[in-house]
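# Observations on chain architecture
Chain by chain, the residues:
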Amino acid sequence: MAYLNSAVDVLQVPVIGRILRGRWGRLILQVPLVIFAVVLVIDGLTGPVEASRNLATVAPWVHYRGLVVLALLLAGNLFCMACPFTVPRTLAKHLSIRGKRFPKILRNKWIAILSLFTLFFLYEWLDLWASPALTAWLIVAYFVASFVMEAAFTESAFCKYVCPLGTFNFVYSSVSPTQIGVKNPAMCAACVGKECVNGSYAPQVAIRIDQIPVFNADGSSNSTQPKEIRYSPAGTLGCGTELFAPQIKSNLDCTFCLDCVRACPHDNASLFIRQPGRELTQPESWAKRWDLSLLVICLAFMGVTNAFGMVPPIYELQAWMIRNLGFQNELPMLVIIFGVGNLLLPLVATVITAGLSKVFADSDFSVREITAAFAPAFVPVGFAIWFAHYSFHFLIAPFSIFPVFQEFLGQSGNWAAFSGAVDLQVIGLLQMVVLVGGFLWSMVLAQRAALRLYQRAGLPGLLPWALLLLLLMLAALNIFSMPMEMRGTNFLFG
Amino acid sequence: MLLRLFMLMLIGLMAAGCRQDAPATDNPNIQIELIVNSERIVVGETLLFVQVYDAEDNLIDGAKVNIRGDMSHAGMTPVIRDIETGRDGQYETSFEWTMAGDWFIDVTVTLPDGTQDKERFEYVVGVP
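About the cut-offs
Residues numbered from 1 in each chain as written. Chains lettered and ligands numbered in written order. Predicted model: local features only at pLDDT ≥ 70, side-chain atom pairs only at ≥ 80, totals over all residues. Heavy atoms only, no water. Helix = DSSP H or I, 4+ residues; strand = E, 2+ residues; numbered from the N terminus. Rg over C-alpha atoms; globule rule 2.2 N^0.38 Å. Buried < 20%, exposed > 50% of the residue type's maximum accessible area, 1.4 Å probe, protein only. Contact = heavy atoms within 4.5 Å. Areas by Shrake-Rupley, 256 points an atom, 1.4 Å probe, with all protein chains shown as cover. Pairing = 2+ DSSP bridges. Axes fitted to C-alpha atoms, helices over the stretch in contact; angles between N-to-C directions. Parallel < 35°, antiparallel > 145°, perpendicular 65-115°, else oblique. Left-handed = near helix turned anticlockwise from the far one by under 90°. Nonpolar A, V, L, I, M, F, W, Y, C, P; charged D, E, K, R; others polar. Buried area = accessible area lost by both parts, 1.4 Å probe. Salt bridge = Lys/Arg side-chain N within 4 Å of Asp/Glu carboxyl O. Core = buried A, V, L, I, M, F, W, Y, C linked by side-chain atoms within 4.5 Å. Domains from an automatic or database assignment.

Looking now at the overall build of chain A. Check the secondary structure of chain A and you find 20 helices and five strands. The C-alpha atoms of chain A give a radius of gyration of 24 Å, which matches the 23 Å a tight globule of 494 residues would have. A total of 494 residues make up chain A; the buried ones form 57% of that total. Contacts in chain A between residues far apart in sequence, at least 24 positions, make up 80% of those at least 6 positions apart. Summing over all exposed atoms, chain A offers an accessible surface of approximately 20,200 Å²; the carbon and sulfur share of this is 67%.

Below is the structure:
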């Protein structure tokens, strides 16, 4: 089944559905976050330099990340839906109606991989977790980059090809229980303007009369009726990431902005409840491209490397590099650690694993096709690694944002009232359950991929991938079983 | 709509002006020493001793001492202790290093006459 049409239409839920479908539905969600982003920038640049007392560091690095993974698991890509960075973008997009398209050579996920790598690298190198001012500048940079790219190009190039936060959400919203779909694909086939992707916005009012099929109860149609299709300045811009609603097979690249729903003149597009991870079991959901496959696999490895940056062995490794390789500062060491862990290792491991799988299964499929078939299996284990990490930071001080906000407002922070935390042993148990659960889900997906691809030679073809998934899970489990140690690394150089 | 958005942002900017600076700063007439009762500072419970001196190096009794331990990164709840009793200018409290890593301890001393001083002490806490 290519299109999605489930029994439960989220946008039919009273009040919530009406608000979300409304013209200002997205802006209602975005405005509070824009205000909050402005507050973070202000506090980051003018507030206390201590990260634990500043909203600019507490909100993004503790609460945002914890809530995002929870939302992805339980609801969907809610952060992209309410993304504050796209508010100025909307203005920029109006400016770029006749602009250029993003260069074809860059219309892939290579930049997204690099931007994710860069964000995680900067996080460690600049100790963003300990610097309110740098975090504030990062937020400003997001606003500027989003605005500039949307002003320069017609589509939402920043969201689709660059934004590391969006890329993270795109990949892991594939486990989410919601997805955009259509009520009746036959209506989309008959639709003239395809407003869900082309938009219903026009600088001046324009009206077109379409002949729309009238559907019988059994879905057949033997008559049409005229329908007035209105384009106006009050219209919607259509899908920024250029997804055509009836052809959406995956949450990948969907920002959940619901512009397709608002633009559709036939009220045919909507947000549906679906089986979590639906697209991961369907081989046609994702394009068989190296950039896409490596994005998913690299992101899982990045989860391990990112967590590795917060346990004692990284300091031992850096001390060893100083002693034996003569490094004088942190930059080259982090380039090596992150370059190997986040890019080189997943690349080499993927090529070797796919090669072994091909040989063991005696398959005619190319290494690219084999990698593309198994890449979705890295989503659950990768998500589990990130979930285990981010939920730790969130659960260890879930209410810390309240006293920090009190202090921002000039009051005395009531730390005693908001010092509640989940017990470390409970968090450890949760991490283990999540990691093992994610691994088992990944194994089910890998097994299905192997049987689909290799049929009777499925088991030998599966073995290399199963081993890689197991190693990834065990590495994460080992890291999360260690005590956390959060240090700036200047101490290494006295 | 953009105008409304701008107004809301302006409210945010105004709210930023509410944050108060730390009331206590370095007071040359008061010296504060912080002693950690362990050879190697590791995660777990320990005892902290604060000694308060006047300008002539005499120990001061009767002060109120507030200790606030924060980690350098965001998200850890601070460890806050108030000590209202002390003998011979020495103030003692239990304290828990809740995670390994970079810590800074702010000690704020308020003398009976209301004079205040604040000192910061930095530690690297290891794993046990």
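Attention shifts here to the sheet that holds strand E1 (residues 30-36) of chain B. Residue and element names in this part refer to chain B. Spatial strand order, E1-E2-E5: three strands in an open sheet with antiparallel pairing. The open sheet terminates on both sides in strands that have one partner only, identified here as E1 and strand E5 (90-97). Neighbour-to-neighbour, the strand axes of this sheet turn through a mean angle of 25°, independent of strand direction. Two strands pair when backbone bridges link them, and strand E2 (residues 44-54) and E5 are joined in this way by eight bridges, in the antiparallel orientation. Within E5, the residue paired with Gln 51 across the bridge is Gln 90.

Residue and element names in this part refer to chain A. Between helix H15 (residues 330-361) and helix H20 (residues 458-480), whose axes approach to 6 Å, the crossing angle comes to 160°. Of the possible angle classes, the one that applies to H15 and H20 is roughly antiparallel. Both H15 and H20 take part in a crossing whose hand is right-handed. Residue-level contacts link Ala 349, Thr 350, Thr 353, Ala 354, Leu 356, Ser 357, Phe 360 and Ala 361 of H15 to Pro 460, Gly 461, Pro 464, Trp 465 and Leu 468 of H20. In terms of residue class, the contact of H15 with H20 is made up of nine nonpolar, four polar and no charged.

In this section: the environment of Ala 449 of chain A. Residue and element names in this part refer to chain A. Residue position: Ala 449 is located in helix H19 (residues 424-454). Under the relative-accessibility criterion, Ala 449 is labelled buried at 2%. Remark: the alpha-carbon pair of Ala 449 and Tyr 142, spanning 307 residues in sequence, is separated by 38 Å. The contacts of Ala 449, once residues within four sequence positions are left out, are Ala 373 and Phe 374.

All right, on to the environment of Cys 80 of chain A then. With respect to the element layout, Cys 80 of chain A can be found in helix H4 (residues 78-81). Those residues within four positions of Cys 80 of chain A in sequence are excluded, and the remaining contacts are Arg 26, Gly 166, Asn 169, Phe 170 and Thr 255 of chain A.

Taken together, the 33 residues of chain B in the interface contact 39 residues of chain A. Buried area between chain B and chain A, both sides added, is near 3,000 Å², and the carbon and sulfur share of it is 67%. The interface formed by chain B and chain A contains four salt bridges. A salt bridge links Arg 68 of chain B to Glu 407 of chain A; the nearest nitrogen and oxygen atoms lie 3.5 Å apart. Secondary structure elements with two or more residues in the side of chain B that touches chain A: helix H1 (2-16), strand E3 (64-71), strand E6 (100-110) and strand E7 (116-125) of chain B.

One can find Thr 178 of chain A in strand E1 (residues 178-182). Ignoring sequence-local partners within four residues, the contact set of Thr 178 of chain A consists of Val 10, Ala 75, Gly 76, Asn 251, Phe 256, Leu 271, Phe 272, Ile 273 and Arg 274 of chain A.

Once that is clear, we can look at the nonpolar core. If you look at the biggest cluster of nonpolar residues, it comprises 113 residues, and the most contacted ones within it are Tyr 172, Leu 299 and Phe 374 of chain A. In terms of residue count, the dominant contributor to this core is helix H13 (residues 290-308) of chain A (12 residues). Structurally, this core is a two-domain feature, drawing no fewer than three residues from each of domain 1 (1-285) and domain 2 (286-493) of chain A. Not counting residues up to four positions away in its chain, the partners in contact with Leu 299 of chain A are Leu 116, Phe 120, Phe 168, Val 171, Tyr 172, Leu 294 and Trp 386 of chain A. Judged by nonpolar contacts, the second largest core, of 39 residues, contains Val 65, Met 71, Val 79 and Met 99 of chain B.

All names here are of chain A. Domain parsing of chain A yields domain 1 (1-285) and domain 2 (286-493). One C-alpha centre belongs to domain 1, the other to domain 2; they are set 26 Å apart. With 49 residues of domain 1 in contact, the opposing surface of domain 2 contributes 52 residues. Along the contact surface separating domain 1 from domain 2 lie zero salt bridges. Among the secondary structure elements, those contributing two or more residues to the side of domain 1 that touches domain 2 are helix H2 (25-46), helix H3 (55-74), helix H6 (110-125) and helix H9 (164-172). Ranked by residues supplied to the side of domain 1 that touches domain 2, first place goes to H3 with 13 residues. Here the residues of the side of domain 1 that touches domain 2 are counted per class, giving 30 nonpolar, 11 polar and eight charged.

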